[in-house]
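A closer look at the structure
Here's the letter readout for the chains.
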Amino acid sequence: MHLFDLKTFGKLETAEFLERPNRFVGHVRINGRTTRCHVADTGRLKEILHGGRQVLLAKNPPHFKTEYRLLAARMEEWVLINTGIHSRIVRNAINGGILGFNPDDVRPEVSVDGGRLDFLVNNRLYIEVKRT
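First, a word on what this report is: a plain description of the structure on this page.

About the thresholds
- Residues numbered from 1 in each chain as written.
- Predicted model: local features only at pLDDT ≥ 70, side-chain atom pairs only at ≥ 80, totals over all residues.
- Heavy atoms only, no water.
- Helix = DSSP H or I, 4+ residues; strand = E, 2+ residues; numbered from the N terminus.
- Buried < 20%, exposed > 50% of the residue type's maximum accessible area, 1.4 Å probe, protein only.
- Contact = heavy atoms within 4.5 Å.
- Areas by Shrake-Rupley, 256 points an atom, 1.4 Å probe, with all protein chains shown as cover.
- Salt bridge = Lys/Arg side-chain N within 4 Å of Asp/Glu carboxyl O.
- Pairing = 2+ DSSP bridges.

Here we come to the overall build of the protein chain. If you tally the helices and strands in the protein chain, you get one helix and nine strands. For the protein chain, the α and β elements follow one another from N to C terminus as β-β-β-β-β-β-α-β-β-β. On the principal axes, the C-alpha backbone points of the protein chain span a range of 50 × 35 × 35 Å. With 132 residues in all, the protein chain has 35% of them scored as buried. Look at the contacts in the protein chain between residues 6 or more apart in sequence, and 41% of them connect residues 24 or more apart. Just so you have it, the protein chain exposes about 8,300 Å², and 49% of that area is on carbon and sulfur atoms.

So this is what it looks like as structure tokens:
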């Protein structure tokens, strides 16, 4: 089952992670220069995002506030840390039959009791994806 291809982000580049001044921005060194990247995961990620860590970036369009977006960090293996990718992978898995059936309807980001859950499948099964 094909879940997701990072190449949909275009050319991927590796860089050195330097610091994270706030929850949405990271500083990286790429090709000998320092620049900013967008960090989609608002979690602290102290174990993953620290100075010296190799990271995987995709170039943002010129109108974005940061030059790159952070996709993954290199631990023993690459660890995806862009929360938008997690949701796409899970949605593709659900549509691919991982639940034991092929759903007719998969709705993302559904409101439930004043909050939201990640998916509603066939108007009867709620799914929340935990990202750790």
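This next bit is on the environment of Leu80. If you trace the backbone, Leu80 turns up in strand β6 (residues 78–80). In this structure the C-alpha to C-alpha distance between Leu80 and Leu70, which are ten residues apart in sequence, comes to 9.0 Å. In this structure Leu80 touches Leu6, Leu71, Ala72, Ile85, His86 and Ile89, once residues within four positions along its chain are discounted.

Bringing the pattern of salt bridges into the picture now. As enumerated under the stated definition, the model contains six salt bridges in all. Note that Lys59 is salt-bridged to Glu67, the shortest N-O span being 2.7 Å.

Turning next to the pairing of strand β8 (residues 115–121). Bridging between strand β7 (residues 106–112) and β8 involves six bridges; their strand directions are antiparallel. Pairing of Arg107 across the sheet is with Leu120, part of β8. Hairpin connection between β7 and β8: a loop of two residues separates the two successive antiparallel strands, and Asp113 in this loop has a positive phi of roughly 50°. The turn joining β8 and strand β9 (residues 125–127), which pair antiparallel and follow one another in sequence, is formed by three residues; a positive phi near 50° is taken by Asn122.

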